[in-house]
Amino acid sequence: SSGDDLAALSRGFMAAGARSVLATQWEASDGTFPKIMGFFLKAWQKQGQAKDRALMSALREFLETNDFPIWRHPHFWAPVVLLGDAE
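Residues numbered from 1 in each chain as written. Predicted model: local features only at pLDDT ≥ 70, side-chain atom pairs only at ≥ 80, totals over all residues. Heavy atoms only, no water.

(A) Here's a closer look at the packing of aromatic side chains. In this structure the tally under the stated criterion is three aromatic pairs. Ring centres of Phe-40 and Trp-44 lie 5.8 Å apart, and the angle between their planes is 25°; this geometry places the pair in the stacked category. Residue Phe-40 and its partner Trp-44 are both found in helix α2 (residues 33–46); the two are separated by four residues, about one turn of the helix. On the basis of relative accessibility, which here comes to 31%, the residue Trp-44 falls in the partly exposed class. Of the aromatic side chains, those joined through ring pairs into one cluster are Phe-62, Phe-68 and Trp-71. (Phe/Tyr/Trp six-rings, centres within 6.5 Å; stacked < 30°, edge-to-face > 60°. Helix = DSSP H or I, 4+ residues; strand = E, 2+ residues; numbered from the N terminus. Buried < 20%, exposed > 50% of the residue type's maximum accessible area, 1.4 Å probe, protein only.)

(B) The arrangement of the environment of Ala-28 in detail. Checked against the element boundaries, Ala-28 lands in the loop between β1 (20–24) and α2. Taking C-alpha positions, Ala-28 is 17 Å from Asp-4, a pair spaced 24 residues apart along the chain.

(C) Representation of the environment of Ser-29. Mapped onto the fold, Ser-29 is located in the loop between β1 and α2. With 47 residues separating them along the chain, Ser-29 and Phe-76 place their C-alpha atoms 6.4 Å apart. Aside from chain neighbours lying at most four places away, what touches Ser-29 is Pro-34 and Phe-76. A distance of 3.1 Å separates the side chain of Ser-29 from the backbone nitrogen of Gly-31, its partner in a polar contact. (Contact = heavy atoms within 4.5 Å. Polar contact = N/O pair within 3.5 Å; in protein donor to acceptor, adjacent residues only side chain to side chain.)

(D) Molecular detail of the environment of His-75. Position of His-75 among the secondary structure elements: in helix α4 (residues 74–77). For His-75, a relative accessible area of 41% corresponds to the partly exposed category. Once the C-alpha coordinates of His-75 and Ala-28 are considered, the two residues, 47 residues apart in sequence, prove to be 8.8 Å apart.

(E) Up close: the nonpolar core. With 11 residues, the main nonpolar core is built from Ile-36, Phe-39, Phe-40, Ala-43, Ala-54, Leu-55, Ala-58, Leu-59, Phe-62, Trp-71 and Val-80. Counting only elements with at least two residues in this core, the list comes to α2 and α3 (51–65). At five residues, α3 tops the list of elements feeding residues into this core. In contact with Phe-39, not counting residues within four places along its chain, are Ala-58, Glu-61, Phe-62 and Thr-65. (Core = buried A, V, L, I, M, F, W, Y, C linked by side-chain atoms within 4.5 Å.)

Rendered as structure tokens:
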């Protein structure tokens, strides 16, 4: 199943030395995922938030600023998860 694939891929990155992995649980939308990642990177790198807080901030900002109301449906933003170290 795709959940098993995600777990195996994430474990592979962790075994290779990654402290955390930001992944999607199902295929991410080309219209939404880049926006969420941009908000995440701004919160994490520029504002210095911990990764878990940065993801929460990114999702909140995405839901508040998106251009298309359909993108508020969880299908478009809920698959994004942080695995591993949240700091």
